[in-house]
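A look at the structure
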Amino acid sequence: MLRGLIHHWRVNLAVLAGAAVATAVLAGAVIVGDSLRLSLHRLTLDRLGEIDWALVAEEPFRDALADELAARTDAGVTDVAPVLLAGASAVQTDTRALAAGVSLLGVDERFARLYPSGAEATGDLLGALERRSGQIFPSVALNRSLAREIGAVEGDDVLFSFGQLTATPRASLLGSPLQDGSRPALRATVTAVVPDRGPGRFALAAHQQRTLNAFVDLEVLQSRLDRRGRANALLLSVGDDASDEALDAALRRSLDFRDVGLELDATASHLDVYNRRFVLRDSTVAAVERTAARLDVPAAPVLGYLANRMSLGERSIPYSMVLGVSTPVAPVLGGLTTATGEPVGRLAENEIVLGDWAARDLEAAPGDTVTIEFYAVGRDDRLETRHAELSVAAVAEMSGVMVDGTVLPDFPGIAEADDIAGWQPPFPMDLGLVRPRDEEFWDTHGAAPKAIVDLSTAQRLWSNRFGRVTSVRVAAPPEVQERLAGGVREALDPRAFGPDLQPIRLRGLEASSGSTDFAGLFLAFSVFLIGAAGLVVGLLFSLSGDLRTREVGLRRALGFREARVRRLLLGEGLLLALAGAAAGVGLAIAYAGVLIRVIGRLWADQLDLPLLVLDLDAGHVAGAVAGAIGLVVLTVFLAVRRLARVPIPAQLAGVTRAADGPKGGGRARLTSVLGLLGGIGAIGWALAAGSKSSPALFFVAGALLLVAGLAAVAATLRRPGGAVRPTASYTAMAARNGAFDPPWIRIPPKYRQDE
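A short tour of the structure in this document, coming up. (Residues numbered from 1 in each chain as written. Predicted model: local features only at pLDDT ≥ 70, side-chain atom pairs only at ≥ 80, totals over all residues. Heavy atoms only, no water.)

1. Considering the overall build of the protein chain
A tally of helices and strands in the protein chain yields 22 helices and 18 strands. Expressed as a percentage of the 755 residues in the protein chain, the buried residues total 48%. A fraction of 78% describes how many contacts in the protein chain between residues 6 or more apart in sequence connect residues 24 or more apart. Carbon together with sulfur atoms contributes 57% to the accessible area of the protein chain, which is approximately 36300 Å² in total. (Helix = DSSP H or I, 4+ residues; strand = E, 2+ residues; numbered from the N terminus. Buried < 20%, exposed > 50% of the residue type's maximum accessible area, 1.4 Å probe, protein only. Contact = heavy atoms within 4.5 Å. Areas by Shrake-Rupley, 256 points an atom, 1.4 Å probe, with all protein chains shown as cover.)

2. Digging into the packing of aromatic side chains
The relative placement of two aromatic rings is captured by the distance of their centres and the angle of their planes. Following the criterion strictly, the structure yields nine aromatic pairs and no others. Summarising the aromatic geometry, the rings of phenylalanine 111 and tyrosine 115 are spaced 5.4 Å apart at their centres and angled 55° between planes, so their arrangement reads as tilted. With a relative accessible area of 2%, tyrosine 115 lands in the buried category. A centroid spacing of 5.7 Å and a plane angle of 90° characterise the contact between phenylalanine 111 and phenylalanine 202, whose relative ring orientation is edge-to-face. (Phe/Tyr/Trp six-rings, centres within 6.5 Å; stacked < 30°, edge-to-face > 60°.)

3. Side note on a negative patch on the surface
The grouping of Asp418, Asp419, Glu440 and Asp443 at the surface amounts to a negative patch. Take aspartate 443: it is sitting in helix H11 (residues 436-445). (Patch = residues over 30% accessible without salt bridge, like charges linked within 9 Å, V, L, I, M, F, W, Y side chains within 5 Å. Salt bridge = Lys/Arg side-chain N within 4 Å of Asp/Glu carboxyl O. Lys, Arg positive; Asp, Glu negative; His and termini not counted. Charge placed at Lys NZ, Arg CZ, Asp CG, Glu CD.)

4. Description of the environment of valine 407
The topology assignment puts valine 407 in the loop between strand S15 (383-396) and H11. When the C-alpha positions of valine 407 and leucine 271 are compared, they lie 10.0 Å apart, and in sequence the two are 136 residues distant. If near-sequence neighbours (up to four positions away) are discounted, valine 407 is found in contact with Val302, Leu323, Leu333, Ser471 and Arg473.

5. Here's the deal with unusual backbone geometry
Look at the link from threonine 327 to proline 328: it is a cis peptide, with omega at -5°. Mapping proline 328 onto the fold places it in the loop between strand S12 (315-325) and strand S13 (351-355). Phi is positive for aspartate 296, close to 60°, though the residue is something other than glycine. Non-glycine residue glutamate 363 carries a positive phi angle of around 55°. Along the chain, the position of glutamate 363 falls in the loop between helix H10 (356-362) and strand S14 (369-377). For glutamate 363, a relative accessible area of 58% puts it in the exposed group.

6. Some points on the environment of serine 544
Note on placement: serine 544 falls in helix H15 (residues 518-547). Here serine 544 falls in the buried class, since its relative accessible area comes to 3%. Residues contacting serine 544, with those up to four places away along its chain left out, are Val11 and Asn12.

7. Here we look at the pairing of strand S6 (residues 185-194)
Working note: regular strand, side chains alternate between the two faces of the sheet. Among the ten residues in S6, seven count as buried, and that is most of the element. As paired elements, strand S4 (residues 139-143) and S6 share five bridges and run parallel to each other. Paired with asparagine 143 across the bridge in S6 is valine 194. Examined bridge by bridge, strand S5 (residues 157-162) and S6 share five bridges and lie antiparallel to one another. Of the residues in S6, the one forming a bridge with aspartate 157 is threonine 189. (Pairing = 2+ DSSP bridges.)

8. Comments concerning the pattern of salt bridges
Taken as a whole and assessed by the stated rule, the structure comprises 19 salt bridges. A cluster of three or more residues bridged by salt bridges with shared partners is formed by Arg315, Asp361, Glu363, Arg435, Arg437 and Asp438.

9. Quick notes on helix H17 (residues 562-602)
Under the 1.5 Å per step criterion, the end-to-end length of H17 is 55 Å for 41 residues, consistent within 8% with the ideal 60 Å. Maximum bend of H17: about 30°, positioned at glycine 584. (Expected span 1.5 Å × (residues − 1). Bend = angle between axes of the 7 residues up to and from the residue.)

10. Some details on the packing of helix H2 (residues 9-48) against H17
Two elements in contact, H2 and H17, have axes whose closest approach is 5 Å; the angle formed by their N-to-C orientations is 40°. Considering their axes alone, H2 and H17 lie oblique with respect to each other. In the packing of H2 onto H17, the handedness of the crossing is right-handed. Here the contact of H2 with H17 is composed, by residue class, of 24 nonpolar, six polar and no charged. (Axes fitted to C-alpha atoms, helices over the stretch in contact; angles between N-to-C directions. Parallel < 35°, antiparallel > 145°, perpendicular 65-115°, else oblique. Left-handed = near helix turned anticlockwise from the far one by under 90°. Nonpolar A, V, L, I, M, F, W, Y, C, P; charged D, E, K, R; others polar.)

11. Observations concerning the packing of helix H9 (residues 282-294) against helix H13 (residues 478-491)
Where H9 meets H13, the axes come as close as 9 Å, and the angle between the chain directions of the two elements is 135°. Judged by the angle between their axes, H9 and H13 are oblique. Where H9 crosses over H13, the two elements pack in a sense that is right-handed. For the pair formed by H9 and H13, the contact residues are Ala287, Val288, Arg290, Thr291, Ala292 and Arg294 on the first element and Leu484, Gly487, Val488 and Ala491 on the second. A breakdown of the residues in the contact of H9 with H13 according to their chemical character gives six nonpolar, two polar and two charged.

12. Focus on the environment of phenylalanine 560
Mapped onto the fold, phenylalanine 560 is located in the loop between helix H16 (549-557) and H17. Classification of phenylalanine 560 by relative accessible area gives partly exposed; the value is 28%. Apart from the residues lying within four places of it in its own chain, the contact partners of phenylalanine 560 are Arg555 and Val565.

13. Things to note about H9
With 13 residues, H9 extends 18 Å from end C-alpha to end C-alpha; this agrees with the ideal 18 Å at 1.5 Å per step. Of all the residues in H9, the buried ones are Thr284, Val285, Ala287, Val288, Thr291 and Ala292. Looking straight down H9, one finds its buried side chains confined to an arc of 160°; they lie on one side. With respect to the buried face of H9, the exposed residues turned more than 90 degrees away are Ala293 and Arg294. Looking at the buried positions of H9, the neighbouring elements they touch are strand S9 (262-266), strand S10 (270-275), strand S11 (299-312), strand S17 (471-475) and H13. (Arc of directions from axis to C-beta.)

Read these as geometric descriptors, not functional statements.
Quick look at the structure:
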């Protein structure tokens, strides 16, 4: 076998080269895919340090929650760091260079402990956040990407503008942007530029894109955002024995009402439950009502809203609080009576009760129709002015609920004002409409309502997707209030109110693997090249067999069994495949290295790290090499099988192929048509699916169209030809010669290596 390989070394060298190319392409694609996956995996671990879980909330909670969770050793928590996160834009004050999408992080030494492997970077970070002697503004540390984006160096001042952290949903009346367009800002001096690794690449989102991070001292950012002692994220490092159930239980025991935005305002006679979001979730209202019913104490839900104007004819009252309660009004709310002392009964759907003050101002009487003008949040969170016409059912005396300004939570920008002229609500106001009479009412009664409607009417007009109730008042003496609060707490799932405990390490590692099989993707990119290499190997070995046809015939004539001759040739092919695969592994590594450098340069604008490094998974590479060897052996087998079909006398005469008779192109034409239809169908399916289409569809379409084209060429070449016309062009002559396929081919003796 070895002598045969050496004797026919020229053609065998070509076969070996083809096997090496097939191995290089196949194994190289696998190496590139593995390198991408492992590099993204490594970057995720670098970005998160020792962080395993994150507790994230829209509204800041107590930063003391970090110490409380860390103290619960039964949960397996090893370290917790509170962080205050704010999205911001950054401006270099000298050049006015701007960067948007900046993450401004308030951190302390507990954040640094989560990056032990990056102690050098975190140590510089924490040291930089200390204000230096003579420094006017607070210190800030920028990661290298942000510093490069705005051209900032140490000593420069940077102005950060960020949205105010608010509990009120933006898609609600009190969550609208400030009308003067102002935004909180922080001016700080750059005292360090940290590398884009470790904490410099910190991000909660599971992606590998470039991050623009800026770090300030936690207390500095808390003070600027008026959130002293609060954070909106906790970063947790846990031990191997930690479980989801234990963390969930620890969180339940540690969170209290303040951490989920709920407030309990207790008096000697009742307890008010409300939310800093100004609306209570339906689940909260249900929990309060269930607990109150179990303790046998009455509870009354309330929905309050600010009307821009109440008018009757030419007379109007600006900026009035309207209260929606279940009627008849419960005693826990103080009751609702007319001027004659009679209680007001149940109100119909579109009825309203005016307080005596408002009725006299509007000169209204029962039976009149009052128009209420108010703001509502419409499409794209834009404020719309709406109107409602309500019939006056009664006029109530100024007592009970009509003079109670504490039944509702404080309106942002309103409750803290000494007079109406000092209101600063997050929606447009025309202070020119405010009269001295209105100021007198505010001075006397504050946020007390000027009108009452039934709760169903109020919910129809003013409820939103965040809730349908503003507060709940429960008639509970002091000895019952603690039991009530405990019962409500047990009935609620605190995490449903915003704090979300996320396994960010697990999600990050899953995202680094992604839904895309990178090895499979690059194999798909290389499939045609791999197929071409296999075809070349098959053709080269067929040529080797053609050159040795008399040798094969002689062996068979001397008594060698056909199976033995086949094994001999297959053995030579296997040795060539093994040698080519061995050479191809080195080529695969070089090929993968080139591809990785090219991809790394393409991603350089998005990532400021050497993202991709060459990673070899021995098992995957071995599988790819085995696949390449199998491909080569298969092509060799097909070539040997064709050679064995030639009769011995014909082989001794130098014939390389058996006579198959005339060939038609029917099968090839059918294959061409089916491939064309399949390719067009795959393209149409991909276009119809749009962004949801699988990339595999395009590979399938390309393969089908390629098969269709090759089959069409084969059908053309196999088409029976007629007489050659004397006027035929050279192109026609070339096509006819290409279709010339004799039933056998005799190789001239001077080209046969077995002579």
